[in-house]
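Here's the letter readout for the chains.
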Amino acid sequence: MELLPIKELLARDFYAEMCRIEHWDVRTLRQKVGSMLYQRTALAKRPQSIIAAEISQMRDGKLTPDIVFRDPYFLDLLGLQGAFSERDLESAILREIEGVLLELGAGFTFVARQKRMSVGRDDFHLDLLFFHRHLRRLVAVELKLEAFQPAHIGQMELYLRWLDKHERAPGEESPIGLILCASSDAEQVELLQLDAKSIRVSEYLTELPPLKILRARLHQAIEHARELTVRRNSSGEALP
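About the cut-offs
- Residues numbered from 1 in each chain as written.
- Predicted model: local features only at pLDDT ≥ 70, side-chain atom pairs only at ≥ 80, totals over all residues.
- Heavy atoms only, no water.
- Salt bridge = Lys/Arg side-chain N within 4 Å of Asp/Glu carboxyl O.
- Helix = DSSP H or I, 4+ residues; strand = E, 2+ residues; numbered from the N terminus.
- Buried < 20%, exposed > 50% of the residue type's maximum accessible area, 1.4 Å probe, protein only.
- Core = buried A, V, L, I, M, F, W, Y, C linked by side-chain atoms within 4.5 Å.
- Contact = heavy atoms within 4.5 Å.
- Arc of directions from axis to C-beta.
- Pairing = 2+ DSSP bridges.
- Right-handed = clockwise from strand over helix to strand, strands pointing away.
- Lys, Arg positive; Asp, Glu negative; His and termini not counted.
- Polar contact = N/O pair within 3.5 Å; in protein donor to acceptor, adjacent residues only side chain to side chain.

Draft legend 1. Inspection of the pattern of salt bridges at higher detail. In the structure shown here, the tally under the stated rule is 15 salt bridges. Of the charged contacts, one joins arginine 40 and glutamate 103 as a salt bridge, the two residues approaching to 2.7 Å between their closest N and O atoms. Of this pair, arginine 40 sits in helix H3 (residues 37–40) while glutamate 103 sits in helix H7 (residues 97–104); the two residues are 63 residues apart in sequence, bridging distant segments of the chain. Both residues of the pair, arginine 40 and glutamate 103, count as buried. Measuring nitrogen to oxygen at the nearest pair gives 3.1 Å for the salt bridge that ties glutamate 167 to lysine 115. Of this pair, glutamate 167 sits in the loop between helix H8 (151–166) and strand S5 (176–181) while lysine 115 sits in strand S2 (residues 108–119), placing them 52 residues apart in sequence. Linked through salt bridges whose partners overlap, the residues forming this network are Asp13, Glu17, Arg20 and Arg59.

Draft legend 2. How the structure looks around the nonpolar core. Core analysis: the largest hydrophobic core is formed by 42 residues, its most contacted members being Phe14, Tyr15, Tyr38, Met58, Phe69, Leu78 and Val141. Considering each element in turn, this core owes the most residues, seven residues, to helix H1 (residues 9–22). For phenylalanine 69, the residues in contact, after removing those within four places along its chain, are Arg40, Thr41, Ala42, Phe108, Leu135, Val139, Ile176, Leu178 and Arg200. In terms of nonpolar packing, the next biggest core, distinct from the first, is built from 19 residues, Ala140, Leu163, Ile179 and Ile199 among them.

Draft legend 3. How the structure looks around H7. Listed in full, the buried residues belonging to H7 are Val100, Glu103 and Leu104. Angularly, the buried residues of H7 cover 100° about the axis, an arc narrow enough to put them on a single face. Across from the buried face of H7, at angles greater than 90 degrees, the exposed residues are Glu98 and Leu102. Buried residues along H7 sit against H3, helix H5 (65–68), strand S1 (73–74), helix H6 (86–95), S2 and strand S3 (122–132).

Draft legend 4. Just the pairing of strand S4 (residues 137–143), in detail. Counted residue by residue, S4 has seven buried out of seven residues, so it is predominantly covered. In terms of strand pairing, S3 meets S4 through five bridges, oriented antiparallel. Within S4, the residue paired with leucine 128 across the bridge is valine 141. What sits between S3 and S4 in their antiparallel hairpin is a turn of four residues, with arginine 136 showing a positive phi close to 55°. Pairing geometry for S4 and S5, over five bridges, is parallel. Bridge assignment links alanine 140 to a residue of S5, and that residue is glycine 177. In this fold, the crossover linking S4 to S5 by way of H8 has right-handed handedness.

Draft legend 5. Region of interest: the side chain of glutamate 22. Position of glutamate 22 among the secondary structure elements: in helix H1. For the buried glutamate 22, no salt bridge exists, and the shortest N-O distance to an oppositely charged side chain is 5.5 Å, to lysine 32. Within polar-contact distance, the side chain of glutamate 22 engages the side chain of tryptophan 24 at 3.0 Å. Within the structure, the side chain of glutamate 22 is placed 3.4 Å from the backbone nitrogen of alanine 106, a separation counted as a polar contact. Contact partners of glutamate 22, with chain neighbours within four places excluded, come to Gly105 and Ala106.

Draft legend 6. Geometry of unusual backbone geometry. In this structure, proline 72 follows aspartate 71 across a cis peptide bond, with omega equal to 5°. Looking at the element boundaries, proline 72 is found in the loop between H5 and S1. Of note, histidine 23 is a non-glycine position whose phi angle comes to about 60°, a positive value. Among the structural elements, histidine 23 can be located in the loop between H1 and helix H2 (26–34). With a relative accessible area of 68%, histidine 23 lands in the exposed category. Within the chain, glutamine 114 stands out as a residue other than glycine whose phi angle is a positive 50°. For glutamine 114, the location among the structural elements is in strand S2. For glutamine 114, a relative accessible area of 24% puts it in the partly exposed group.

Right, here's the structure in full:
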């Protein structure tokens, strides 16, 4: 009864499979649909043929990063208002870790905060480290108060290579990175071809905009991503 009003068939199939995989009750399904989970996934920005293929894989129990990661993330539960630091954001995430894990999605397990990585004579500290049970891979998370900058990629690549060398266990996939920032430029992110580097860039919202504005923004992001795909296909470029 809750799924039938969803007009878009692929979105309905997505929610149906997520109910089965993550064992949602009716209340959780309503919350996920209300927060436009499907529209926030990277999957929704793909061509319909790819969406259908990935949903088919979901029926076999296989989840991909396009299904697991979303943009933006809703972190209004942290109660952060006004000016705050990266440490404030990190501390609030840990304080509200149960709610944050619900927003991240089933399968995420918290591993470490300020994970120390020694490279040569220098020490580096990753903000947050998670493990995703369905993806079978470590997830490195960096928090940025500012807008996304291409320079952030080099830092994340270093972290991922260190984790792959020192923390990746037998049978696991290579680590994947998530850069959470205050805002991002879709064209910059697209040009960097981050899928090939196992890096995702997402915005976070500590205060939710009106639903009408949020819906329009997500629709615009989906249309922009699909236009880029059509442009790449017409010019003979390979999909990332």
